[in-house]
Amino acid sequence: MSKSNKKLAMPAPKAEGFRAGFAVLAGRPNAGKSTLTNALVGQKVAITSAKPQTTRHTIRGLVHRDTFQLVLVDTPGLHRPRTLLGKRLNDLVADTLAEVDVIGFCLPANEKIGPGDRFIAQQLANVGKKPVIAIVTKTDTVDRQAVTDQLIAVDKLGRDVFGETGFAAVVPVSAVEDFQVETLAGVFASYMPEGPALYPDGHLTDEPEAVMVAELIREAALEGVRDELPHSLAVVVEEIIPREGRSEDNPLLDVRVNLYVERPSQKAIIIGKGGARLRDVGTTARKGIEALLGTKIYLDLHVKVAKDWQRDPKQLVKLGF
Ligand SMILES: Nc1nc2c(ncn2[C@@H]2O[C@H](COP(=O)(O)OP(=O)(O)OP(=O)(O)O)[C@@H](O)[C@H]2O)c(=O)[nH]1
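Quick caveat, the model's predicted, so the values are computed rather than measured. (Residues numbered from 1 in each chain as written. Predicted model: local features only at pLDDT ≥ 70, side-chain atom pairs only at ≥ 80, totals over all residues.)

Moving on: the overall build of the chain. What the chain contains, in helices and strands, is 11 helices and 9 strands. A burial count over the chain gives 35% of its 321 residues as buried. (Helix = DSSP H or I, 4+ residues; strand = E, 2+ residues; numbered from the N terminus. Buried ≥ 20, exposed ≤ 12 C-beta atoms within 10 Å, placed from the backbone.)

Read from one edge to the other, the open sheet built from 3 strands follows the order β7-β8-β9, with strand pairing classed as mixed. Only two strands of the sheet have a single partner each, and these edge strands are β7 (234-242) and β9 (296-305). Shown here is a sheet whose adjacent strand axes are inclined to one another by a mean of 15 degrees, direction ignored. Set on the sheet, helix α7 (residues 209-222) makes contact with β7 and β8 (252-261); between it and β7 the angle comes to about 125 degrees. Relative to β9, helix α9 (residues 264-271) is tilted by about 155 degrees, and along the sheet it contacts β8 and β9. (Pairing = 2+ DSSP bridges. Axes fitted to C-alpha atoms, helices over the stretch in contact; angles between N-to-C directions. Contact = placed C-beta atoms within 7 Å.)

With that settled, consider the confidence of the model for the chain. Chain-level pLDDT for the chain is 78 on average; 73% of the residues reach the 70-or-more range. Below pLDDT 50 for its whole length, residues 44-57 participates in 45 contacts with residues either more than four positions away or in separate chains. Here residues 202-206 scores under 50 on pLDDT; set against residues more than four positions off or in separate chains, the count is 13 contacts. (pLDDT = per-residue confidence, 0-100.)

We now examine the packing of α7 against helix α10 (residues 276-293). In contact at an axis separation of 8 Å, α7 and α10 are set at 150 degrees when each is read in the N-to-C sense. In terms of axis orientation, α7 runs roughly antiparallel to α10. Where α7 crosses over α10, the handedness of that crossing is right-handed. Counting all contacts with α7, which are made through E209, M212, V213, L216, I217, A220 and A221, the residues of α10 involved are V281, T284, A285, G288, I289, L292 and L293. (Parallel < 35°, antiparallel > 145°, perpendicular 65-115°, else oblique. Left-handed = near helix turned anticlockwise from the far one by under 90°.)

The subject of this paragraph is helix α2 (residues 33-41). Counting buried residues along α2, 7 of its 9 residues qualify, which places the element largely inside the surrounding structure. Looking one or two places after α2, you find G42, whose phi comes out positive at around 80 degrees.

Let us now look at the environment of A134. In this structure, A134 sits in strand β5 (residues 132-137). Judged by local crowding, A134 falls into the buried class, with 27 C-beta atoms found within 10 Å. The spacing of A134 and A121 is 13 residues in sequence and 9.5 Å in space, taken between C-alpha atoms. If near-sequence neighbours (up to four positions away) are discounted, A134 is found in contact with F105, L107, V154, G158, F167 and V170.

Residue placement: N30 occurs in the loop between β1 (19-26) and α2. According to the C-beta neighbour criterion, N30 is buried, with 21 such atoms within 10 Å. Separated by 77 residues in sequence, N30 and L107 place their C-alpha atoms 9.4 Å apart.

It is at 10 Å that the axes of helix α4 (residues 115-127) and helix α5 (residues 144-162) come closest, and there the two elements cross at 50 degrees. In terms of axis orientation, α4 runs oblique to α5. Handedness of the α4/α5 crossing: right-handed. Of the residues in α5, those touching α4 at D117, R118, A121, Q122 and A125 are L157, V161 and F162.

At K138, a position not held by glycine, the phi torsion is positive, near 60 degrees. Following the sequence through the fold, K138 ends up in the loop between β5 and α5. Judged by C-beta crowding, with 25 C-beta atoms within 10 Å, K138 ranks as buried. Phi is positive for D178, close to 50 degrees, though the residue is something other than glycine. With respect to the secondary-structure elements, D178 resides in the loop between β6 (169-172) and α6 (181-190). On the basis of neighbour count, D178 is assigned to the exposed category, with 11 C-beta atoms found within 10 Å.

Counting residues in hydrophobic clusters, the biggest one holds 45 residues, and the most contacted among them are L70, I103, F105, A134 and I135. Those residues in contact with I135, other than ones at most four positions away along the chain, are G104, F105, C106, L107, V171, V173 and L184. If you look at the next biggest cluster of nonpolar residues, it comprises 24 residues, including L216, I217, L222 and L233. (Core = buried A, V, L, I, M, F, W, Y, C linked by C-beta atoms within 7 Å.)

Below is the structure:
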């Protein structure tokens, strides 16, 4: 559905002065985008993982307050394309950036600004007229002096890349300690156009349920495994169907899912000895999915090898990229 179609379906206008629009969080892998999205939305919608580049889909969460509504998009880390998949991700990011009202650029307080950050800042500047708010994330991980130093360094980066005006604002936050998260929401809102809410209140995401189900399984499957696996794992929900013959007050959904890896060795990692690991993945994911869908499910997981799926356009389409 296009953005304009969604606007047609919107609820009655709110009081005058209400603002609503789209915001995106950019930043390199591990910058804290997913965690910040969750903190802003107040409910888990995007997966977080200690491994970089786990966010494959553009997941929107709604930040709904008395005076504004932000439709928040959590992008994959902007990075230099390495494989076809990487290139597609960057195209996706460019498309997303063109649609939004404001861009939040996440830079961790505990890491020096590097060439990767500069590259992204340059990309954001190239998008043109969109206001870019620099967000210094994870401020709880360092002392006050280090936060101040980072704010100064970020401000300098802004002037280097955007010219004298620099970033539209620089905001330090800690998603973990809930420091300045609401302030940031307010700053985002100030860049939104005046207008009614874009989505009904309480509607947390416009992603199809299947995508969120896939994210939960992906998160469970990546728990505690080797670093290269995140790039090699794709999760595809084949079907979610109500089990026949169940009474209305005791429904059950059959959720059938394929996990694609690139090599038999990776399949062995996911499945574990005697299938033990896959059973654990299933148990963990099932709990999350039941909480998400509000009903009991039967989760059927299959692990398949799709050789070099990251480099094969046909496979990428099949896997939903
Ligand atoms: N202490 C602390 N840790 C944080 C904070 N925000 C994020 N983290 C941690 O930093 C790591 C990366 O956070 P994510 O939110 O997954 O980062 P991301 O930018 O979405 O990463 P990608 O999906 O790889 O692009 C995780 O281990 C988080 O727990 C914070 O405010 N404080």
